[in-house]
Amino acid sequence: MAIRGPAGVSISNTGILLICVCVLMLFVYTFRGSISEGTSSIYGSKYDREYKVSEVLSAAIYLTEKAGRLVRDIREKDALEEQSKGETREGVNDPLTEGDLQSHRILVKGFKKAFPALNLVSEEHEEESIEGVIPPSLFHPDVQKILKSDPSISAEDITVWVDPLDATKEYTERLTQYVTVMACVAVKGVPVAGVIRKPFEDKTYWAWVEHGVSDTLKDMHGSSEGDALEVIVSLSHKGEVEDVAQKAFAPRPVHITGAGGAGYKTIEVVKGTEDVYVHTTLIKKWDICAGDAILRAIGGTQTDLRGDEINYSHNLDPKNEHGLIATMHKHEEYRKVLQAAAKS
């Protein structure tokens, strides 16, 4: 069947179909940029090869806050379903709870949905489909306020480190002040943005190096030292580090505080409650990347005990074997003294 058009021109069904296809192709070609831009910023695509730090940081803020609410709810309902992953090198039980797993799912699924090509490293390793997952918003108004420049970066150069629940042991013991949910954005191994969420205090600390920080971090510049040096360490290492610190800083008095969670300890240094955060044994990079980024953004320093910066590239060992020291002031002075005392 053919349709007779103006001036007696006959158009067949096949001709009509070809015209429709051509019009559709022209539309897609004309608007392909805006279509791609709109959908990738919401859902992402496996073909995306570049991302913006502002978008990844915005997603990290939303996802850590969402995961934190679930972590809190599970603890308050006593629905931990605690298991054990074994023991640490120090012989301490390393628990796993439903809070860890549910937080991991929120973080990993959210990041993978929004940034499919991103390198992502999590403390937990459960894999699940992201089908039907609602992606996080990639626009956070507070991040936009501090935005200076925000070039697209190759996905291969970006690694996101997530710790779904830092201080799990303390979480099981109701020492919830130590519990945090963390995410960190590293570019070519260097931490450039970090988020530490304290779910039981309803506070989020985040920073973007050379751009700005959250309101919760403004006006925080560390301590004005008193007579005693304030040192914060892991609860399980308190006695060991205390011996080293007393020897290192004698005759100056040293006060050692034991605490759970690397994120908590870093924030205590930033707040000025503590002068130095020291860890003398192995620690995983998902525990320390977010704190490293925050310290860099506000003028602090974090290195291993040898004085080397830590590389957070996804293709390297996630274990940091050489200890840790984090400070807001006099970093190299403290590090050298502690290193010498530890060797003697």
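In what follows, the structure referred to is the one given above.
A short tour of the structure in this document, coming up. Everything numeric here is computed off the predicted structure, so don't read it as measured data.

### So, the pattern of salt bridges
Moving on, step 1. All told, the structure shown has 15 salt bridges when counted by the stated rule.
Moving on, step 2. Arg306 is the salt-bridge partner of Asp308, the closest N and O atoms lying 3.3 Å from each other.
Moving on, step 3. Exposure remark for Asp308: the relative accessible area of 36% places this residue in the partly exposed category.

### Comments concerning the nonpolar core
Moving on, step 1. Counting residues in hydrophobic clusters, the biggest one holds 40 residues, and the most contacted among them are Tyr51, Val56, Leu57, Phe111, Phe115 and Leu118.
Moving on, step 2. Elements that contribute at least two residues to this core include exactly helix 2 (53–76), helix 3 (98–114), strand 8 (158–166), strand 9 (180–187), strand 10 (190–198) and strand 11 (203–208).
Moving on, step 3. If you tally residues by element for this core, the top one is helix 2, at 10 residues.
Moving on, step 4. With residues near it in sequence (within four places) discarded, Leu57 still touches Val143, Ala193, Val195, Trp206 and Trp208.
Moving on, step 5. Residues Tyr205, Tyr277, Ile288 and Leu295 belong to the second largest nonpolar core, which totals 35 residues.

### A short note on the packing of helix 7 (residues 262–271) against helix 8 (residues 285–297)
Moving on, step 1. At their nearest, the axes of helix 7 and helix 8 sit 8 Å apart, and the two run at 15 degrees to each other. Compared by their axis directions, helix 7 and helix 8 come out roughly parallel. Once helix 7 is placed against helix 8, the crossing between them reads as right-handed. In this structure, helix 7 contributes Ala262, Gly263, Thr266 and Val270 to the contact, and helix 8 contributes Asp287, Ile288, Gly291, Ile294 and Leu295.
Moving on, step 2. Here the residues of the contact of helix 7 with helix 8 are counted per class, giving five nonpolar, three polar and one charged.

### Some points on the sheet that holds strand 17 (residues 301–303)
Moving on, step 1. Pairing within the open sheet is mixed, and its five strands lie in the order 14-13-15-19-17. Both outer strands of the open sheet, strand 14 (254–259) and strand 17, are each paired with one neighbouring strand and no more. Along the sheet, successive strands turn relative to each other by an average axial angle of 20 degrees, direction set aside.
Moving on, step 2. By the bridge criterion, four bridges tie strand 15 (residues 276–279) to strand 19 (residues 324–327) in an arrangement that is antiparallel. What sits directly across from Val278, in strand 19, is Ile325.
Moving on, step 3. Most of the contacts of helix 7 go to strand 13 (residues 229–234), to which it runs at about 170 degrees, and overall it touches strand 13, strand 14, strand 15, strand 17 and strand 19.
Moving on, step 4. In this fold helix 9 (residues 331–343) packs onto strand 13, strand 15, strand 17 and strand 19, with an angle of close to 150 degrees to the strand it touches most, strand 19.

### Overview of helix 2
Moving on, step 1. Under the 1.5 Å per step criterion, the end-to-end length of helix 2 is 34 Å for 24 residues, consistent within 8% with the ideal 34 Å.
Moving on, step 2. Positive phi shows up at Asp78, right after helix 2, with a value of about 55 degrees.

### Quick word on the environment of Ala183
Moving on, step 1. Looking at where Ala183 falls in the secondary structure, it is placed in strand 9.
Moving on, step 2. Between the C-alpha atoms of Ala183 and Leu63, which are 120 residues apart in sequence, the distance is 8.9 Å.
Moving on, step 3. Not counting residues up to four positions away in its chain, the partners in contact with Ala183 are Ala60, Thr64, Phe111, Trp161, Val162, Ala193, Gly194, Val195 and Ala290.

Procedures and definitions
- Residues numbered from 1 in each chain as written.
- Predicted model: local features only at pLDDT ≥ 70, side-chain atom pairs only at ≥ 80, totals over all residues.
- Heavy atoms only, no water.
- Salt bridge = Lys/Arg side-chain N within 4 Å of Asp/Glu carboxyl O.
- Buried < 20%, exposed > 50% of the residue type's maximum accessible area, 1.4 Å probe, protein only.
- Core = buried A, V, L, I, M, F, W, Y, C linked by side-chain atoms within 4.5 Å.
- Helix = DSSP H or I, 4+ residues; strand = E, 2+ residues; numbered from the N terminus.
- Contact = heavy atoms within 4.5 Å.
- Axes fitted to C-alpha atoms, helices over the stretch in contact; angles between N-to-C directions.
- Parallel < 35°, antiparallel > 145°, perpendicular 65-115°, else oblique.
- Left-handed = near helix turned anticlockwise from the far one by under 90°.
- Nonpolar A, V, L, I, M, F, W, Y, C, P; charged D, E, K, R; others polar.
- Pairing = 2+ DSSP bridges.
- Expected span 1.5 Å × (residues − 1).

Any functional reading would require information beyond the geometric quantities listed.
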